[in-house]
Structures are given as structure tokens and as C-alpha cells.
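Residue-level listing of the chains:
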Amino acid sequence: MSTEQEQRTIRCLVAKVGLDGHDRGAHVIARAFRDAGFEVIYSGLHKSPDEIVQAAVQEDVDVLGISILSGAHDTLVPKVIDGLKEYDAFEDTLILVGGIIPEEDRDELYDLGVSEIFGPGASMAETIEFVRENAPSR
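Every value quoted in this text rests on a predicted model; they were computed, and no experiment measured them.

*Asks:* What is the right way to look at the sheet that holds strand β4 (residues 94-99) in this model?
*Replies:* Where strands meet in a sheet, backbone hydrogen bonds hold them as pairs that are either parallel or antiparallel. In spatial order, the strands read β2-β1-β3-β4-β5; together these five strands make up an open sheet with parallel pairing. The strands lining the two open edges of the sheet, one partner per strand, are β2 (39-42) and β5 (116-118). Ignoring strand direction, the axes of neighbouring strands in this sheet form an average angle of 20 degrees. Pairing analysis gives five bridges linking strand β1 (residues 11-16) to strand β3 (residues 63-68), with the strands arranged parallel. Across the sheet, the residue bridging to Lys 16 is Ser 67, located in β3. Against the sheet, helix α6 (residues 124-134) contacts β3, β4 and β5, and its axis sits at roughly 170 degrees relative to β4.

*Asks:* I would appreciate a short explanation of helix α2 (residues 24-35) in the present structure.
*Replies:* The α-helix advances 3.6 residues per turn, and as a result positions three or four apart in sequence lie on the same side. The end-to-end C-alpha separation of α2 is 17 Å, in line with the 16 Å expected for 12 residues at 1.5 Å each. Of the positions making up α2, those classed as buried are Ala 26, Ile 29, Ala 30, Ala 32 and Phe 33. Projected onto a plane normal to the axis of α2, the buried residues spread over an arc of 165 degrees and lie on a single side. For α2, exposure combined with an orientation more than 90 degrees from the buried face picks out Arg 24, Arg 31 and Asp 35. Elements that come into contact with the buried residues of α2 comprise β1, β2, β3 and α6. In the stretch just after α2, Gly 37 is the one whose phi turns positive, near 95 degrees.

*Asks:* For this particular structure, what's the right way to read the packing of α2 against α6?
*Replies:* Axes are the key here: two packed helices are described by the angle between their axes and the distance separating the axes. α6 packs onto α2 with a crossing angle of 60 degrees between their chain directions and a minimal axis gap of 10 Å. Put simply, α2 runs oblique to α6. Between α2 and α6 the crossing geometry is right-handed. On α6, the residues touching Val 28, Ile 29, Ala 32 and Phe 33 of α2 are Met 124, Thr 127, Ile 128 and Val 131. A class-by-class count of the residues in the contact of α2 with α6 yields seven nonpolar, one polar and no charged.

The rules we used
- Residues numbered from 1 in each chain as written.
- Predicted model: local features only at pLDDT ≥ 70, side-chain atom pairs only at ≥ 80, totals over all residues.
- Heavy atoms only, no water.
- Pairing = 2+ DSSP bridges.
- Helix = DSSP H or I, 4+ residues; strand = E, 2+ residues; numbered from the N terminus.
- Axes fitted to C-alpha atoms, helices over the stretch in contact; angles between N-to-C directions.
- Contact = heavy atoms within 4.5 Å.
- Expected span 1.5 Å × (residues − 1).
- Buried < 20%, exposed > 50% of the residue type's maximum accessible area, 1.4 Å probe, protein only.
- Arc of directions from axis to C-beta.
- Parallel < 35°, antiparallel > 145°, perpendicular 65-115°, else oblique.
- Left-handed = near helix turned anticlockwise from the far one by under 90°.
- Nonpolar A, V, L, I, M, F, W, Y, C, P; charged D, E, K, R; others polar.

Note that all results are geometric; they support no functional claim without further evidence.
Shown next, in the form of C-alpha cells:
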């Protein structure tokens, strides 16, 4: 690994997709990521899957963290993943989902390409370590 790659800042988009208006967790993770030295972009509330994809592509992010508490993860996350694939951005984007995801829905999300799901109680240290170990190198 070159010195440039070792010192490159990990770029993260923390996204709120759909009608979910609960963003405290997204703000907490965004601040923790910034404190860990990541470059963080926050999408704001009520974004469509296409708006999230456009932001991820335009900002050339390494990590896309989708925060969802509405229960619409089984509809919205696949749309985001399909959009990333359309722009050839899926393979070089680490996709994380945070929020309340029932155990019975997790395997489907993993099969679609979600790298990890962080539910209530996940530690910031665990999340940050996962990102550092798994963010794609470009």
C-alpha cells in the first residue's frame, strides 16, 4: 500500500432514506465518524433512494451508511443498491445499515450486498473499526 493510500481520508455518506424522520442516531454516528477522522457528508431527512445514490456517486464516497428506523428497509435499501449498480458504484462502496432491522430480514440485506447491519446497542468503536478494516481502497 502506498503512502498516499495509507493517509487517504475515508469518505462517508450518512443517509436518511424515505419518510423516516428520526435522525438522532444518524447525527450521533456522523459525529463519531468525524471524530474518528473520516470525512462525513450527511444527507438530511426524507431523501429518496435516487437522491442517496446521486449523493454517493457525486461525492465519490467509500462508505454509505443508511440509517433507517421506519421498517421500509426491505423496499428502500434494495433501490439504493440497484441505483449504485446502475452507476457502477456498488463494487467500491461499503454499504452499512443502521437502525432497527428484524433478525429475519437481515440475511436478505446481506445477500443484496449490505456489508454489515448495526442495530441498537452497537458500539461506536465497533462501527468505526469495521469501517477502517473494510472500507475499499482506491
